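Fold and geometry: a report
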Amino acid sequence: MGLLDNVERGLERAVNGVFAKTFRSRLQPLEIFSALKGELDANTRVLSRDAILVPDRLTVRVSRADFERLAPDGSALVDQFVRDLRAYAHQQRYQFPGPVTVTIVPDDSLTVGMLEVDSRMSAGDVTLVPALEVQGRVHPLRQGVTTIGRSHDCDITIADSAVSKRHASITRDGDNVVLRDLGSTNGTKVGGERITLLELTGPLDLVIGATPVRYLLAPKAVG
């Protein structure tokens, strides 16, 4: 079963459960989610071969009748849309310039069952910086040394018992980025192989301890 199958099944369960009383109109959660995905797909901004930026501010306009039906469980539904959009973006290798927000608002020009989606990017001019995506959070890498481990003294803390207190480090010197394992117990792996020193030249999936980590170029607002 693919990622999108899981997402759609999750939404179907939501309709049959907590949102069952909410969706009595023709407008269904899967329709909204499909429109949100389409808005991302239609508004990609290619920064490089490996970095595709998509809008992080999305507004769903629905009829007032649908809005009133959505209102009681609106915040829970929005939270679910945000989670599922992040999963979809990860699958498509999309990147958001900032935290994703979804807002549902009434529009008196729309009839029951209709919706429209507006979007924008929170950042205007952006540049790409090396970063690590760890447990759903993106950490831009500063110039110099960034330490990674279970200890709260590390620059990037990973809550994983398989991660050593000071597990690894990344040194960024200009455009050069080098990963070092610091003699960790469970190792740092790429493609299942333990590494001790590796130059990072493009997007790469790593495993630190037992935690999947992705090295990527992340967008950062200019100014």
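What comes next concerns the included structure.

This part covers the environment of D118. Its location among the elements puts D118 in strand 6 (residues 115-120). Take D118: its relative accessible area is 35%, and that puts it in the partly exposed class. D118 sits 79 residues away from E39 along the chain, and the two C-alpha atoms are 7.7 Å apart. For D118, the contacting residues outside a window of four places in its chain are E39, R57, L58, T59 and R61. In terms of polar contacts, D118 uses its side chain to reach the side chain of R61, at 2.8 Å.

We now examine the pairing of strand 3 (residues 57-62). Where strand 3 and strand 5 (residues 101-106) come together, six bridges link them in parallel fashion. The partner of T59 across the bridge, within strand 5, is T103.

As a further point, take the nonpolar core. The nonpolar side chains of soluble globular proteins are, as a tendency, buried together. In this structure, L36, L40, L58, V60, F81, L85 and V102 are the most contacted members of the largest nonpolar core, which totals 23 residues. Elements with a contribution of two residues or more to this core: helix 2 (29-42), strand 3, helix 4 (74-92) and strand 5. With seven residues, the top contributor of residues to this core is helix 4. Of all hydrophobic cores here, the second largest spans 17 residues; its members include I156, L179, I195 and I208.

The next thing to look at is the sheet that holds strand 12 (residues 176-181). An order of 10-9-11-12-15 is seen for the five strands of this open sheet, with the pairing classed as mixed. Pairing within the sheet leaves two strands with one partner each, and these edge strands are strand 10 (156-157) and strand 15 (197-199). Where strand 11 (residues 168-173) lies against strand 12, six bridges are found, and the strand directions are antiparallel. Bridge pairing in strand 12 links A168 to D181.

Conventions adopted
Residues numbered from 1 in each chain as written. Predicted model: local features only at pLDDT ≥ 70, side-chain atom pairs only at ≥ 80, totals over all residues. Heavy atoms only, no water. Helix = DSSP H or I, 4+ residues; strand = E, 2+ residues; numbered from the N terminus. Buried < 20%, exposed > 50% of the residue type's maximum accessible area, 1.4 Å probe, protein only. Contact = heavy atoms within 4.5 Å. Polar contact = N/O pair within 3.5 Å; in protein donor to acceptor, adjacent residues only side chain to side chain. Pairing = 2+ DSSP bridges. Core = buried A, V, L, I, M, F, W, Y, C linked by side-chain atoms within 4.5 Å.

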